Amino acid sequence: MVRDEIQQTLQKALAAAQQKGELPAVELPALEVLRPKQADHGDYSTNLALVAAAALRKAGVASNPRSIAQCIADHLPAGGPIGAVEIAGPGFINLHLSVSWLQQQVERVVAAGPAFGNLHRGGGARWQVEYLSANPTGPLHYGGARNGALGDALANVLTAAGYQVQREFYVNDAGNQFNLFAATLYARYAQLLGREEPIPEQGYAGEYMFDYAQKLIDQHGDRFLQLAKDEAIAQLKPISEALVVASLQAELARLGIHYDCWFREQSLYDEGLVDQLLDRLRSQGDIALRDGALWFLATHYPKVDKDEVVVRSNGMPTYFASDIAYHYHKFVVRGFDHVVNVWGVDHQGHVPRMAAVMAALGLDPARLTIVLHGLVKLIRNGQEVKLSKRRGTLVTIGEVIDEVGADAVRFNLLTRSPDSPVEFDLDLAAAANNENPVFFVQYSHARICSILAKAEESQLPPPDLSWLVHPSELALIRKVLELEEQVEVAVDKLSPHNLTHYAVDLAKIFNSFYRDCKVLDPEQPHLSAARLQLCQAAQIALAKTLRLLGISAPASM
RNA sequence: GCGCCUGUAGCUCAGUGGACAAGAGCAUCGGUCUUCGGAACCGAGUGUCGGGGGUUCGAAUCCCUCCAGGCGUACCA
């Protein structure tokens, strides 16, 4: 990656200057390579001299940042990525990339192809990303789209960065909600078959329950009506779970989301893992009986101010009991090096307690990262749409895709940083359909593909990249190369939202290049060949960015 | 009450210590074009970076405080 190379080069120049005694050998903080906002400040810059001057001053040595900068600049080698060097302002060292070096990079990008943008940071470490987990009690409401888009893009980015990533959906099929779901389903099933059967109190009133019930009838006829109600519901549970999971899979596939593993909460009970771990924690003094309930004493661990019930006084375990077993399963049974859980901020209260669970299990809490994201407020007709699965007033992911389109939904949600709350106005999104940045980006991609396709008709000489000297050509090369840094940022922050902004930038810079530089010019075959290869590089970078975001990169539209 | 998050252009949002103009998209206004796909390009205007105080050579960015909104603070998930 370019920035790493620059960083190392600067480090060496500094060391060389210190070794020769031209600069005092003082300890310095980590060297920062910056991206100046202004183009005439170079491609990269560093405040190294300013930092060094401050350190010297502290050590009692008089110093001048500008002369330190000059000294470091004098030790920069020629021939690498660095071209012109300037000392500017109070002592910034501004670095311009060398033109010939930039030209060569185009070939590197094309040679890498779809692998361009991949990094070797992960070293194959086994990571799991768990996202969108929910009760299997119906279609996913729109808020889930943000969780899904974020988790999925995160998994893509981590994979590109060299981690071995497993995508997981945790199916909460063990709790009260799922029992209620099965009981409701039974009632709807009976009703469709003509038997009077009220849905349970607090049951799932949504219309979609009739759809599930109809599917049951299609597959199993009326045979559950022959059974006693309790027995029927018990038998219905696994069948209806499979039904719901299948429809979740279909709904999520429309958003481009696929999982490696659908992990059933109930399996943790079936295997006895929950009991086993509660026993273990009890014997090590982290669980105690209080007021008839069993409590996990989270306050034994740092930053936690509340204990948490694991088994209610009525004998029913809470979700938290299975959460303990679940994370044990992730780290110990399956041996993931690191786990990322993507949660809505409404679960923020559990973050410190999960750290306590990790510690109690003898695991390093740093191996579990919880990415929180703001909730989505859906606006329709200027009014907030309240979401409730139980009352049946939900707007599903599928419905929003119908209105706005999967690519636009993902792009829109991935433009925001996870921290920020989102107000999504359906009318606005639908009305502004053609003005959506996602189409701008996709259009640019289609345009490049069209040029590449057209070029196949013409005979061109082998590309000589030294023809690429136009400012718009060089700007495009720079932007293409930036993808690697953008992937790194996304991994560091565990948020891919910078990539949507990068995609818009890249598309814009390509469009300017397209205006300024005619690619296929019969009069200039050598220039055409070089520009064509640059187009290939741009297509590779743009398609890769979109792929990481989970957005389609159409060749025509 | 306490904790976490958010407050940046008319709207939707980036930027979270660096440079004499604070950025993008949309919207608005003006221009380009006999086009390798005009779903394009070029240009213009718009900001008390929620208010106030502080730290720093340098603050939208760090600290304190206040205001506004969201979420959390259950033997719910």
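Residues numbered from 1 in each chain as written. Chains lettered and ligands numbered in written order. Predicted model: local features only at pLDDT ≥ 70, side-chain atom pairs only at ≥ 80, totals over all residues. Heavy atoms only, no water.

### Concerning the overall build of chain A
Item 1. The helix and strand inventory of chain A stands at 19 helices and 15 strands.
Item 2. In terms of overall dimensions, chain A has C-alpha extents of about 85 × 65 × 40 Å along its principal axes.
Item 3. Counting all 557 residues of chain A, 52% fall into the buried class.
Item 4. For chain A, long-range pairs separated by at least 24 residues make up 72% of all intrachain contacts whose partners lie at least 6 apart in sequence.
Item 5. When the accessible surface of chain A is totalled, it reaches about 24,700 Å², and 51% of it is carbon and sulfur. (Helix = DSSP H or I, 4+ residues; strand = E, 2+ residues; numbered from the N terminus. Buried < 20%, exposed > 50% of the residue type's maximum accessible area, 1.4 Å probe, protein only. Contact = heavy atoms within 4.5 Å. Areas by Shrake-Rupley, 256 points an atom, 1.4 Å probe, with all protein chains shown as cover.)

### So, the packing of aromatic side chains
How two aromatic rings sit relative to each other is given by the distance of their centres and the angle of their planes.
Item 1. Inspection of the entire model under this criterion finds 18 aromatic pairs.
Item 2. Between phenylalanine 169 and tyrosine 259, the aromatic rings sit 5.4 Å apart at their centres with planes inclined by 90 degrees, giving edge-to-face as the arrangement. Here phenylalanine 169 is found in strand β6 (residues 164–171), whereas its partner tyrosine 259 is found in the loop between α8 (229–253) and β7 (261–264), with 90 residues between them in sequence. With respect to burial, phenylalanine 169 and tyrosine 259 carry one shared label: buried.
Item 3. Taking 3.7 Å as the distance between ring centres and 5 degrees as the angle between the ring planes, the aromatic pair formed by tyrosine 170 and tyrosine 326 counts as stacked. (Phe/Tyr/Trp six-rings, centres within 6.5 Å; stacked < 30°, edge-to-face > 60°.)

### So, the protein's contact with RNA strand B
Item 1. Near RNA strand B you find 56 residues, and of these His350, Ser417, Tyr443, Arg447 and Arg515 are the closest.
Item 2. When atoms of RNA strand B within 4 Å of the protein are split into backbone and base, the sugar-phosphate part holds 62%.
Item 3. Within the contact set of RNA strand B, a base nitrogen lies 3.1 Å away from a side-chain nitrogen or oxygen of asparagine 47.
Item 4. A distance of 3.0 Å separates a base nitrogen of RNA strand B from a polar side-chain atom of serine 450.
Item 5. Of all the secondary-structure elements, those providing two or more residues to the surface near RNA strand B are β4 (92–97), β15 (422–425), α16 (437–455) and α18 (497–516).
Item 6. Tallying contributions element by element places α16 first for the surface near RNA strand B, with eight residues. (Near = heavy atom within 4 Å. Polar contact = N/O pair within 3.5 Å; in protein donor to acceptor, adjacent residues only side chain to side chain.)

### Looking at the packing of helix α17 (residues 471–493) against helix α19 (residues 525–549)
Item 1. Their axes nearest at 10 Å, the elements α17 and α19 cross at an angle of 30 degrees. The angle between the axes of α17 and α19 places the two elements in the roughly parallel class. The two elements α17 and α19 meet at a crossing, and its hand is left-handed. In contact with Glu473, Leu476, Ile477, Val480, Leu483 and Val487 of α17, α19 contributes Leu527, Arg531, Leu534, Ala537, Ala538, Ala541, Lys544, Thr545 and Leu548.
Item 2. In terms of residue class, the contact of α17 with α19 is built from eleven nonpolar, one polar and three charged. (Axes fitted to C-alpha atoms, helices over the stretch in contact; angles between N-to-C directions. Parallel < 35°, antiparallel > 145°, perpendicular 65-115°, else oblique. Left-handed = near helix turned anticlockwise from the far one by under 90°. Nonpolar A, V, L, I, M, F, W, Y, C, P; charged D, E, K, R; others polar.)

### Description of the sheet that holds strand β9 (residues 293–296)
Item 1. Pairing in this open sheet of three strands is antiparallel, and the strands run β8-β9-β10 from one edge to the other. Looking at strand neighbours, the two that pair on one side only are β8 (287–290) and β10 (308–311), the edges of this open sheet. With strand direction ignored, the average angle separating the axes of adjacent strands in the sheet is 45 degrees.
Item 2. As paired strands, β8 and β9 are joined by four bridges and run antiparallel to one another. Across the sheet, the residue bridging to isoleucine 287 is phenylalanine 296, located in β9.
Item 3. The sheet strands contacting helix α10 (residues 273–283) are β8, β9 and β10, and the helix crosses β8 at an angle near 90 degrees.
Item 4. In this fold helix α12 (residues 350–360) packs onto β9 and β10, with an angle of close to 85 degrees to the strand it touches most, β9. (Pairing = 2+ DSSP bridges.)

### Looking at the state of the cysteines
Item 1. Counted by the stated rule, this structure contains zero disulfides.
Item 2. Cysteine 535 takes part in no disulfide bond, and the closest cysteine sulfur, belonging to cysteine 517, lies 9.3 Å away.
Item 3. For cysteine 535, a relative accessible area of 0% translates into the label buried. (Disulfide = S-S within 2.5 Å.)

### As for the confidence of the model for chain A
Low pLDDT marks stretches whose predicted atomic positions should not be read closely.
Item 1. Across chain A, the average pLDDT comes to 90, with 96% of residues at or above 70.
Item 2. The weakest mean pLDDT in chain A belongs to helix α15 (residues 426–431) at 71; the strongest belongs to strand β5 (residues 126–131) at 98. (pLDDT = per-residue confidence, 0-100.)

### Description of the nonpolar core
Item 1. The biggest cluster of nonpolar side chains holds 145 residues, and the ones touching the most others in it are Ile6, Ile72, Tyr142, Phe169, Leu252, Phe424 and Val480.
Item 2. Residue contributions to this core peak at twelve residues, all from α19.
Item 3. Those residues within four positions of isoleucine 6 in sequence are excluded, and the remaining contacts are Val33, Tyr44, Ile82, Leu95 and Leu97.
Item 4. Tyr328, Phe331, Met354 and Ala360 belong to the second-largest nonpolar core, a separate cluster that totals 36 residues. (Core = buried A, V, L, I, M, F, W, Y, C linked by side-chain atoms within 4.5 Å.)

### What to know about unusual backbone geometry
Item 1. Backbone geometry at leucine 132 places phi at a positive 70 degrees, although glycine is not the residue there.
Item 2. Summarising the element assignment, leucine 132 is placed in the loop between β5 and α5 (143–160).
Item 3. In this structure, glutamine 202 takes a positive phi of about 65 degrees despite not being glycine.
Item 4. Checked against the element boundaries, glutamine 202 lands in the loop between α6 (176–192) and α7 (208–220).
Item 5. On the basis of relative accessible area, glutamine 202 is assigned to the exposed category, the value being 51%.

### Details of α10
Item 1. Buried within α10 are the following residues: Leu273, Val274, Leu277, Leu278 and Leu281. Along the axis of α10, the buried positions cluster into a sector of 130 degrees, meaning they face one direction only. Seen from the buried face of α10, the exposed residues on the opposite side, beyond 90 degrees, are Asp275 and Ser283.
Item 2. In this fold, the buried residues of α10 make contact with α9 (265–270), β8, β9, β10, α11 (319–333) and α12.
Item 3. Residue glycine 285 follows α10 closely and has a positive phi angle near 85 degrees. (Arc of directions from axis to C-beta.)

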